[in-house]
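Summary of structural features
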Amino acid sequence: MVESHPELCFAKLNKNQPIIENKRTKEGEQKRLDVLQRYYPEARRVVEKILADVPYRKKTMM
């Protein structure tokens, strides 16, 4: 297993196209979630669960 930057992983999952929108914006979050949902349809549910379990994350995501 090799470690890589998350944005490189998103680009690979997105047909080798980087996601140019900032990950801290609504649009950037949505684009990354859309990419994840192509491969794992339950991605939104998982993110919502994490946000519910980790209150400080609510400020920066979704």
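Quick caveat: nothing in here was measured; it's all calculated off a predicted structure. (Residues numbered from 1 in each chain as written. Predicted model: local features only at pLDDT ≥ 70, side-chain atom pairs only at ≥ 80, totals over all residues. Heavy atoms only, no water.)

Observations concerning helix H2 (residues 26–39)
- Here H2 spans 21 Å end to end across 14 residues, near enough to the 20 Å set by a 1.5 Å rise per residue.
- Where H2 is concerned, the buried positions are Gly 28, Glu 29, Arg 32, Leu 33 and Val 35. End-on, the buried residues of H2 take up no more than an arc of 155°, which puts them together on one face. (Helix = DSSP H or I, 4+ residues; strand = E, 2+ residues; numbered from the N terminus. Expected span 1.5 Å × (residues − 1). Buried < 20%, exposed > 50% of the residue type's maximum accessible area, 1.4 Å probe, protein only. Arc of directions from axis to C-beta.)

Let's talk about the pattern of salt bridges
- One pass over the structure, following the stated rule, counts four salt bridges.
- Note that Arg 32 and Glu 7 form a salt bridge whose closest N and O atoms lie 3.0 Å from each other. Of this pair, Arg 32 sits in helix H2 while Glu 7 is found in helix H1 (residues 6–13), placing the two residues 25 residues apart along the sequence.
- Between Lys 31 and Glu 21 there is a salt bridge, with its nearest N and O atoms 3.4 Å apart. Separated by ten residues along the polypeptide, Lys 31 in helix H2 and Glu 21 in the loop between H1 and H2 bring together distant segments of the chain. (Salt bridge = Lys/Arg side-chain N within 4 Å of Asp/Glu carboxyl O.)

Some words on the side chain of Glu 21
- Under the relative-accessibility criterion, Glu 21 is labelled buried at 17%.
- Setting aside chain neighbours within four positions, we find Glu 21 in contact with Glu 27, Gly 28, Lys 31 and Arg 32. (Contact = heavy atoms within 4.5 Å.)

Considerations on a nonpolar patch on the surface
- On the surface, a cluster of nonpolar side chains totalling about 520 Å² of accessible area is made up of Leu 13, Leu 36, Tyr 39, Tyr 40, Val 46 and Ile 50.
- If you trace the backbone, Ile 50 turns up in helix H3 (residues 43–53).
- Residue classification places Ile 50 among the partly exposed positions, given a relative accessible area of 44%. (Patch = residues over 30% accessible without salt bridge, like charges linked within 9 Å, V, L, I, M, F, W, Y side chains within 5 Å. Areas by Shrake-Rupley, 256 points an atom, 1.4 Å probe, with all protein chains shown as cover.)

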